[in-house]
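Chain residues, written in single-letter form:
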Amino acid sequence: MHNSLMNRRIFIFSIILLSISCNRNSESTTQTGKSRSELLKEIPYRGEIISDGITESITQTIRLVIEQTETLNEVAIFYMVEHGKLERLTGNWENGIIALNQANELWRDIDLTMSIVVYPSFSQDAVTGETKELWVIEVDHKSVSRTCRMFIDKPTPNELTELTC
């Protein structure tokens, strides 16, 4: 009986010691910031209403992106910092998914207002199976907990379409 009680105490002490050392390790690991997806886990979507000012800011930024892009056929990442300056990230991304992942991580290193990813895609009619080309501009804004998208039907658009968030 005494031996069983002693083993139980040693076991409990070991668990406590292990949990303290694990917490200490995780606290000492520092990162420069959080990715966009980590930030969203802290403030999940709750049926927010996006203000007209934010919508207009996103739309104006998309206009700037289109002006700075020869064609939407090229996968590109842009970002805007607090001071309102639009920057283009240099690099080659094979497809939109890779670029979106890179833009997600960009939030770790830079205090962004928004990140913008441009990439070609396609849409498919569920009934007929017919596909057509489509160009997507995805925007993650600091004060919006979901991604806003604009779908465009040609690689060199003359006008913008509706922004969906």
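In the block above lies the structure referred to throughout.
Chemist: Sorry if this is basic, but what is going on with helix α4 (residues 96-109) here?
Modeler: The end-to-end C-alpha separation of α4 is 21 Å, in line with the 20 Å expected for 14 residues at 1.5 Å each. Burial in α4 covers these residues: G96, A99, A103, N104, L106, W107 and R108. Where α4 is buried, its residues meet α2 (36-42), β1 (76-81), β2 (86-89), β3 (112-124) and β4 (131-141). Regarding α4, its N-cap is N95, as a side-chain oxygen of that residue lies 3.1 Å from the backbone nitrogen of I97 further along.

Chemist: I would appreciate a short explanation of the sheet that holds strand β5 (residues 148-152) in the present structure.
Modeler: Paired through backbone hydrogen bonds, the strands of a sheet run either parallel or antiparallel to each other. The strand order across the open sheet formed by 6 strands is β2-β1-β3-β4-β5-β6, and the pairing between neighbours is antiparallel. Each edge of the sheet is formed by a strand with only one pairing partner; in this case those strands are β2 and β6 (163-164). Running over the sheet, helix α3 (residues 52-67) touches β1, β2, β3, β4, β5 and β6 and is turned about 125° from β4. Along the sheet, α4 contacts β1, β2, β3 and β4; its crossing angle with β3, the most-contacted strand, is approximately 170°.

Chemist: In this structure, what is going on with the side chain of N104? I would like to understand it.
Modeler: Mapped onto the secondary structure, N104 falls in helix α4. At 2.7 Å, the side chain of N104 and the backbone nitrogen of S37 are in polar contact. What N104 contacts, discounting residues up to four positions off in sequence, is S35, R36 and S37.

Chemist: In this structure, what is going on with the pairing of β1? I would like to understand it.
Modeler: A regular strand carries its side chains on alternate faces of the sheet. Burial analysis of β1 places 5 of its 6 residues in the buried class, the great majority of the element. Two elements, β1 and β3, share 6 bridges in a ladder whose sense is antiparallel. Across the sheet, A76 pairs through a bridge with V118, a residue of β3. Judged from the 4 bridges that link them, β1 and β2 form a sheet pairing that is antiparallel. By the bridge assignment, M80 is partnered in β2 with L86.

The rules behind the values
Residues numbered from 1 in each chain as written. Predicted model: local features only at pLDDT ≥ 70, side-chain atom pairs only at ≥ 80, totals over all residues. Heavy atoms only, no water. Helix = DSSP H or I, 4+ residues; strand = E, 2+ residues; numbered from the N terminus. Expected span 1.5 Å × (residues − 1). Buried < 20%, exposed > 50% of the residue type's maximum accessible area, 1.4 Å probe, protein only. Contact = heavy atoms within 4.5 Å. Polar contact = N/O pair within 3.5 Å; in protein donor to acceptor, adjacent residues only side chain to side chain. Pairing = 2+ DSSP bridges. Axes fitted to C-alpha atoms, helices over the stretch in contact; angles between N-to-C directions.

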